[in-house]
Amino acid sequence: QVQLQESGGGLVQAGDSLRLSCLTSGLIFSRYTTAWCRHAQGKEREYVAAIRYNGYTYYGSSVKGRFTISRDNAKKTIYLEMNNLKPEDTAVYYCAADQGVILSSIGDAKQYDYWGQGTQVTVSS
């Protein structure tokens, strides 16, 4: 059974940094593309970043240059380092994983079969 569990969310001030973690189990982690998405109240789910099985990274335009996605295959964990946080980054952040994501659709949340429960990030101004 595939499971993903996020942690590291919290309440921070604008300009602060935060690191999210997503521990996975039940999958051959090194073969999966993994991603972070977020869902803010009243808005549609938004793709944040993805990292492929080969380590290549991709970012949504709203976070590029501020967020960094990484993975540790030995720990079966992905991370999202978030710097210079803004109030508009407030959302529930979800990690996702799938083995068959094609590069042209890496930012499409519908491509990911496995999801965590989410962790709340709140950025105050």
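Residues numbered from 1 in each chain as written. Predicted model: local features only at pLDDT ≥ 70, side-chain atom pairs only at ≥ 80, totals over all residues. Heavy atoms only, no water.

Undergrad: Sorry if this is basic, but what is going on with the pairing of strand β11 (residues 119-124) here?
TA: Side-chain positions along a regular strand alternate between the two faces of the sheet. Only one face of β11 is covered, namely the one carrying T119, V121 and V123; the face carrying Q120, T122 and S124 has none of its residues buried. Across four bridges, the pairing between strand β2 (residues 10-13) and β11 is parallel. Bridge pairing links L11 to T122 in β11. With three bridges joining them, strand β9 (residues 91-98) and β11 adopt antiparallel strand pairing. Bridging from a neighbouring strand, Y93 pairs with T119 of β11. (Buried < 20%, exposed > 50% of the residue type's maximum accessible area, 1.4 Å probe, protein only. Helix = DSSP H or I, 4+ residues; strand = E, 2+ residues; numbered from the N terminus. Pairing = 2+ DSSP bridges.)

Undergrad: Honestly, the environment of S124 in this entry has me stumped. Any pointers?
TA: Examined against the element boundaries, S124 turns out to sit in strand β11. Given the relative accessible area of 28%, S124 is considered partly exposed. Linking S124 and L85, residues 39 residues apart in sequence, is a C-alpha distance of 9.2 Å. Apart from residues no more than four positions distant in its own chain, S124 is found in contact with V12, Q13, A14 and P87. (Contact = heavy atoms within 4.5 Å.)

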